[in-house]
8 protein chains.
Amino acid sequence: MTEVEKVLDAYASSTLSLQDAVTGLHRAYIADIGHTALDMHRAKRVGAPEVIFGLGKSAEQMADIFETLAQRQQDVLATHVSRAQIEAISERVDGVAFNDVARTATLSFCPRPRREKPIAVLTAGTSDNRVAEEAAVTAAFYGNTVLRFSDVGVAGLHRLFACLDELKQARVAIVVAGMEGALPSVVAGLLKMPIIAVPTSVGYGAHFGGLSALLGMINSCAAGVSVVNIDNGFGAAYQASLINTD
Amino acid sequence: MTEVEKVLDAYASSTLSLQDAVTGLHRAYIADIGHTALDMHRAKRVGAPEVIFGLGKSAEQMADIFETLAQRQQDVLATHVSRAQIEAISERVDGVAFNDVARTATLSFCPRPRREKPIAVLTAGTSDNRVAEEAAVTAAFYGNTVLRFSDVGVAGLHRLFACLDELKQARVAIVVAGMEGALPSVVAGLLKMPIIAVPTSVGYGAHFGGLSALLGMINSCAAGVSVVNIDNGFGAAYQASLINTD
Amino acid sequence: MTEVEKVLDAYASSTLSLQDAVTGLHRAYIADIGHTALDMHRAKRVGAPEVIFGLGKSAEQMADIFETLAQRQQDVLATHVSRAQIEAISERVDGVAFNDVARTATLSFCPRPRREKPIAVLTAGTSDNRVAEEAAVTAAFYGNTVLRFSDVGVAGLHRLFACLDELKQARVAIVVAGMEGALPSVVAGLLKMPIIAVPTSVGYGAHFGGLSALLGMINSCAAGVSVVNIDNGFGAAYQASLINTD
Amino acid sequence: MTEVEKVLDAYASSTLSLQDAVTGLHRAYIADIGHTALDMHRAKRVGAPEVIFGLGKSAEQMADIFETLAQRQQDVLATHVSRAQIEAISERVDGVAFNDVARTATLSFCPRPRREKPIAVLTAGTSDNRVAEEAAVTAAFYGNTVLRFSDVGVAGLHRLFACLDELKQARVAIVVAGMEGALPSVVAGLLKMPIIAVPTSVGYGAHFGGLSALLGMINSCAAGVSVVNIDNGFGAAYQASLINTD
Amino acid sequence: MTEVEKVLDAYASSTLSLQDAVTGLHRAYIADIGHTALDMHRAKRVGAPEVIFGLGKSAEQMADIFETLAQRQQDVLATHVSRAQIEAISERVDGVAFNDVARTATLSFCPRPRREKPIAVLTAGTSDNRVAEEAAVTAAFYGNTVLRFSDVGVAGLHRLFACLDELKQARVAIVVAGMEGALPSVVAGLLKMPIIAVPTSVGYGAHFGGLSALLGMINSCAAGVSVVNIDNGFGAAYQASLINTD
Amino acid sequence: MTEVEKVLDAYASSTLSLQDAVTGLHRAYIADIGHTALDMHRAKRVGAPEVIFGLGKSAEQMADIFETLAQRQQDVLATHVSRAQIEAISERVDGVAFNDVARTATLSFCPRPRREKPIAVLTAGTSDNRVAEEAAVTAAFYGNTVLRFSDVGVAGLHRLFACLDELKQARVAIVVAGMEGALPSVVAGLLKMPIIAVPTSVGYGAHFGGLSALLGMINSCAAGVSVVNIDNGFGAAYQASLINTD
Amino acid sequence: MTEVEKVLDAYASSTLSLQDAVTGLHRAYIADIGHTALDMHRAKRVGAPEVIFGLGKSAEQMADIFETLAQRQQDVLATHVSRAQIEAISERVDGVAFNDVARTATLSFCPRPRREKPIAVLTAGTSDNRVAEEAAVTAAFYGNTVLRFSDVGVAGLHRLFACLDELKQARVAIVVAGMEGALPSVVAGLLKMPIIAVPTSVGYGAHFGGLSALLGMINSCAAGVSVVNIDNGFGAAYQASLINTD
Amino acid sequence: MTEVEKVLDAYASSTLSLQDAVTGLHRAYIADIGHTALDMHRAKRVGAPEVIFGLGKSAEQMADIFETLAQRQQDVLATHVSRAQIEAISERVDGVAFNDVARTATLSFCPRPRREKPIAVLTAGTSDNRVAEEAAVTAAFYGNTVLRFSDVGVAGLHRLFACLDELKQARVAIVVAGMEGALPSVVAGLLKMPIIAVPTSVGYGAHFGGLSALLGMINSCAAGVSVVNIDNGFGAAYQASLINTD
């Protein structure tokens, strides 16, 4: 009998009040390991396994989290993973895949069936690749095929035009750009699909850590563009995967 | 023979150089009415008819645009339409539908077939309804059914929970909120679908015309959220419609 | 005869002018150790012992301060204490308690009687714990019992709901959150008590060192929320303790 | 039989599933009048009646809200009320009290018992009085006695010192200031009680609509200060009232 | 004998000290009409006649300035001219040309010889035309031919490509754009000439009065772009004219 | 017997405690007219009569203030005075001098003796004159002679050089400039006296209401410059007058 | 037969469709080395060889780029080159020139003919020299003679005046300044040529990494000034070179 | 014969044109050592010897500067001096005084006569002492006596009141404060002298490197306050010294 079934049983037999039952059911969803409340039913509830944001967590905490999830055979994707965290995880859990460029750690028990259509990931310049890689790892983790187009920024449009036919195969495009962040506007004018724009912190001077690219994308004159946080390759790919469900 | 066919013909018979042919083909796409270059093939190219942004255009210019498009039986949606623009359009073109809350004008010749799934439009508070209305008009213009949920902000979560079952019917949710812009994060934690967040300028003090809501949404701790410009109900619905294609 | 009494005496016997007496009384309140003017009557005057802000002080200065206060048996709490400061203090003063997560140093001579009701300290995510720990150390220093709720952010509301009954025991809640800072709004909608919101610098991209969380909290749509500086766990707990007096 | 009891009954007799019961219970809490979802159990749940934020609502909507609440004999306080809204309300509902300086409208059926201790409301300058008045109306609405101290800013400290004895009677102080927002720091250094700081938009030049005062207060060097939004007299008084419960 | 010659004479004959001579020479350059110091030798010194910035000047002051310059047969261009200023000027000075879209007033005595090559002025959207018009009036005032390309923004690149051959005739291009300000980057990638980018205040939401377009242009990933102030069509054309000297 | 003497007397005869005496003395300094606490001993204490900031005060309040001060024959200078306030004051108090450009109202009973040295007030452009006028009125009110230099901005340095000899007569220079705010740096490099820089809101585009000029002045590469708030002609002149005491 | 000729041939013989021919032509322009798409016809198309922005690229990637271009005898200029990148390049490619102050790497096969007129590069202070050096290296790379004027800022104008005659020889002036960024305004008032202003990050306090200098220059009161990004010496010189073509 | 006399001579004998004479005179003022243009007549012209800003200069450059000035027996004060610069200077020049807290280097040949009145330097907290020390070193370098008051911030006003009598001896007060920057307002309300406010970068969270303190001081409600850049102790003292001339 699962924890959830126990609560329902107790309520039906009136040994639990309504309020206690609701509380009890909620608790069943959470694996509380002190510093972190891991969500055990997330895959069922929101259609995606737990994701861990590495920044600000100690190497110890990260290893605890991976160990707990591995014991319960829960898939997990961790982003913004530091070198110290990778080492701590490696010592305690087997089978974790690390990606140095994307700074991700993934643990997969049941490989998800591939989606029919690919997700396109474009970068304006070589320096944006780190963020694009995070998006690509994330999209693959959720069962998507990824088409990569690197260094196709607006200062040399012929590079973009050379890929247009391939690009049109995708269900949704993730466009990663720093500097003035103009690429998503141009792509949205050329393609008939949702564009998820990812501003990057690539730039200098009045770039303010990516703010200029973010503002550029939010003010895009082309319809069909929505924006995620600076350098948030994961968030873009997560949403792209929710769009690419058919 | 269409303009496009004429160009191709001339090129094949070597009366046009390659460069002139390319230029000629481009020109065929554009109805140039002096102040504005209207895109005649947009519906075919990006899957959506021309959209006109009313702000900063004179009443005369708007009437010119509607007249030109009406003559060619092209559908059009105009947003941020002022009272003066509505009057100028009304005098010269028949059959334009105006929405006072959303400040839109629409002209539809061939009603698009309805999509199977609805788009949900939620607002945090009553004051956000103006923006939500723009989103709803836009979504309907592109052939989507719209589910509206008004005044379900995070300060009283029971209002949101009361709509969860209905909400789950949607393919994608547009979440409109001002103030701290927290609603999209909460919704994204509860639903398994893409969330398009629309910050609004509703607020005061340190709200800075919607900047606080925008930053809140861009920094959302919940995956699955992407963001459009402040008060940009149109942009959110346009993208939602691109997502809702199946 | 205390310094204060000496001044009053001199004034009564007309050996001090009114102005000199006032000046003399003020001086009696201060232990001037060159770089810092320590307030010897603060505990009596504002109901709380001296608090030292470690940032920008040299290790030498911090050790001077602790030594001076220890000699006069005055309680003290220091925050933002660096490793170098801890070492300098340890060498010269016994009985100082250090907390590595909270980065605090405390010296207590007369343990304060416990308050009847607890103060709740919630964090949205594991990465916010450092700030919450500073709040907890501070609250305990002033004689409060602390209830901790970790990792109960808005992206998974069931984690918060599971703690609601316990939360209701508190007299006041300190809610610590980074990212979009939405948790205080949700908590204020659920609980009938003052909420002190602490934005944290946990985030990246357009988070601007906590500014986004701060703006989110300041613009909260829920009544009952007030805000302290980014990462200011101490300030939140100090005020919570002033509220929790009965 | 109330709506709530009906749902519970149906669930007990198994004519409602658990999920439907939860949904049904939530609906019972809300009076949905189309544009706004009024919270009928708020007074019971969070210890305070419904509060309406006037900005961005039409005069019609405000009158609808007051009429609905008046019919159910629910107390209500509306802030940021415009002249047009006042007129619309007046035509349809009797017994509403308007305050022109504070721009509030209040409707009270059961006068709350007075609290034992007063709430102090201080302003730095005459120009801050509008915000202080909103705080005072709010505090009174929730059953508090209010002590007002006007024009006691830091440029002439003797004005503040003249009121110190009276000030010490209060349980909590609301300090309203524009310009550099220094008054709360000074007050917090003198009084042993929680200080709620309200920055105002009074200022010019580099004041940026109150941002400078807000930043000043958030960075206060004195412990015991928390801050609400610019010009948010209501929010300060609401929290002060939650503090002043004994 | 001119004022300048008189000074030199006096100095040579030792009736003026060196310092007085320098001062005297400077004074000869300036027609001081109380509120404004008009520069009488500017055309000779910096190769361009006096330009007057209308904002913040009274109608009286503007008329004084035009009258003084007209009496001395000095050409003048005034920008940001208000309706009231136009009326005041018209009453006192003949032959002034006003442009309502550009909000300029010009007075020309000696028509400058036309330059060999044209200056191109492009706008991203119809709403940017007001600023482009100011640039065009300015360029013409300084003797340049102007090529106008309206509404060729990046959301529909085919419109820009259709004009490329014509564009290549220009010596320098002024690119006027609001929203995300991406057009200059694209143009700079296609053309071999200096690009002067003019951000406009056309936009809404997170556009912040043109700041987003300005930041986009300053961060352009394409070399060859420099930027002037938001809406500063005059400044762009003035510099373009300095470039187009041969 | 004055109020102050009464208090001292009572204290000497032990009918007042020390604390009550201090409070009593403070009260004697203040004329409390309800909304405003007027400072009756300010002229004696800080060497300058009361100054009233008009913004945000009602016409009624301003008239009350002038009436009270006139009755006690206290000099007063009011700044940021609106037309409505001028009318209300005029109806109730005689002898008030109004300056429309500076938007000031002054009431002087005992003309102060002139200082030996003048204060220089420079403006970069004609549009900055409004702020310079406020500075000039203020300086004159406090007994200073004022030298005015208008329209001597850095784009035409010869205008400034023409005034250098006169400028050197001053004890202190107030330099008023909008746009990039460069004039104070240039002046400080040429003169051996304190420079008080006043940024103005004159500008457009990326000027942000004077912020750019303010930042320019704060970052001045020339030593000897300090800065007051945007458009704060009064503040600059007040400080200049404190400097010009000998 | 070149790649381009092959495509044209195939199209003429109908073995390539129009679309495939266009795509094929575009591909011929690009040397795709995985992470970066190098533009092989750039020198022909926009009149300048490839430029590489070093920031964010790995040492490996930079060496790949230089190797590929060296093999094809293409000139290249790299900016923002790190020490690690220099070492990686040096190991694999001969004949690369490095400049430590400017942080540039250049590879030149066909020295460009010198232009007739020089480009002037001025700095306000010694600390701005690093950026000026980048401008000078860039200008020389494109075949321009460079005149350098160092440390001629506005706080000591006589230093600038001493160089005026030499300065007048230039066709265009690049003015590099940090702090308040006032130098370009002063220079533009004295010279009859285009001024390209480069704000630098030299400053502290409220300089915000060069933002203050940037705002100062964008708001310049002198006509003839346009601005590039903070510290962007390359961009300024690139545009200056486009201006200096005759 | 000095350089200046030679030029005058040549001009009088007509071997130099007017323009060449002016240029020649200017050159005589400057010792050009390649990277830096040292001002040899500054002490005479603006009443103060050369000041060197160390940030961004190499150790070599600083040593060059000191050597050149030492050879000509010119006094010099350098600020923001790094450890490496100190070492380079020490190796090549004798008699330079270094201050580690203030980070200054001074070289004095002719000690200036002491001024009659002292300059007061106050800090709000111990952490502000570094900036205050720079101010004190600077003031002493220019011949002023300095009164120091440390740690007298607004959170404990009695500490300030204890020094009031001493403070009143000063001719001008420099008030150094971080956090909310409230101390200058309070001091200006108590003292009859010019107040120069120095915001410091001491703070955290929403302090933004001193911006909050700067804004607080610029918006001071007390007249008589002007402000210099964040952490600019030198600038404050330089101006104070210009004020303290009699």
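Quick summary incoming for the structure in this document. Throughout this document, residue positions are counted from 1 along each chain, in the order its sequence is written. As a convention, the first chain written is A and the first ligand written is 1, with the rest following in written order. Only residues with pLDDT of at least 70 get local features here, since the model is predicted, and only at 80 or more are side-chain atom pairs given and counted; chain-wide, interface and lining totals rely on the full set of residues. Side-chain numbers come from the whole structure's heavy atoms, not from hydrogens or water.

## A short note on the sheet that holds strand β3 (residues 50-53) of chain D
Residues and elements named next belong to chain D.
- At least two bridges found by DSSP between two strands are what make those strands a pair. Helix numbers and strand numbers start at the N terminus; a helix is a DSSP run of H or I with at least 4 residues, a strand a run of E with at least 2. If you walk across this open sheet you meet the four strands as β3-β4-β6-β5, and the pairing is mixed. Two strands in the sheet have a free side with no partner beyond their single neighbour: β3 and β5 (97-99). On average, each strand axis in the sheet is inclined to that of its neighbour by 15°, with strand direction left out of account.
- As paired strands, β3 and strand β4 (residues 76-79) are joined by four bridges and run parallel to one another. To obtain each axis, a line is fitted to C-alpha atoms, and for helices this fit is confined to the stretch in contact; angles are then taken between N-to-C directions over 0 to 180 degrees.

## Regarding the environment of Val-154 of chain G
- As for its placement among the helices and strands, Val-154 of chain G is situated in the loop between β8 (146-149) and α7 (157-161).
- Residue class for Val-154 of chain G comes out buried when judged on its relative accessible area of 3%.
- Separated by 27 residues in sequence, Val-154 of chain G and Gly-181 of chain G place their C-alpha atoms 9.2 Å apart.
- If sequence neighbours within four positions are ignored, Val-154 of chain G has contacts with Ser-185, Val-186 and Cys-221 of chain F together with Glu-180, Ala-182, Leu-183 and Val-186 of chain G. Any residue under 20% of the maximum accessible area for its type is buried, any over 50% is exposed, and the rest in between are partly exposed; the area is computed with a 1.4 Å probe on protein chains only. It only takes one pair of heavy atoms within 4.5 Å for two residues to be counted as in contact.

## Overview of the pattern of salt bridges
- Just to be clear on terms, a salt bridge is a Lys or Arg side-chain nitrogen sitting within 4 Å of an Asp or Glu carboxyl oxygen. For the structure on display, the rule yields 56 salt bridges over all chains.
- Linking Arg-92 of chain C and Asp-64 of chain C is a salt bridge whose minimum nitrogen-to-oxygen distance equals 2.7 Å. Placement of Arg-92 of chain C in helix α5 (residues 83-92) and of Asp-64 of chain C in helix α4 (residues 59-71) is noted, with a sequence separation of 28 residues between them.
- Residues joined in a network through salt bridges with shared partners are Glu-60, Asp-64, Glu-67 and Arg-92 of chain A.

## Some thoughts on the environment of Glu-67 of chain D
Residue and element names in this part refer to chain D.
- Within the fold, Glu-67 resides in helix α4 (residues 59-71).
- Of the residues examined, Glu-67 reaches a relative accessible area of 26% and is grouped as partly exposed.
- Taking the C-alpha atoms as reference, Glu-67 lies 13 Å from Glu-50; in sequence the two are 17 residues apart.
- Leaving out residues up to four positions away in the same chain, Glu-67 has contacts with Arg-92 and Val-93.
- Side-chain polar atoms of Glu-67 contact the side chain of Arg-92, separated by 2.8 Å. Polar contact is defined as a pair of N or O atoms within 3.5 Å, subject to the rule that within protein one atom must be able to donate a hydrogen and the other to accept it, and that residues adjacent in sequence are counted only when both atoms are side-chain atoms.

## A look at unusual backbone geometry
- A positive phi angle, near 55°, is found at Gln-73 of chain A, a position not held by glycine.
- Inspection of the secondary structure puts Gln-73 of chain A in the loop between α4 (59-71) and β4 (76-79).
- When its relative accessible area of 55% is taken as the criterion, Gln-73 of chain A is described as exposed.
- Although it is not a glycine, Phe-208 of chain B adopts a positive phi angle of roughly 50°.
- On the secondary structure map, Phe-208 of chain B appears in the loop between β10 (195-199) and α10 (211-218).

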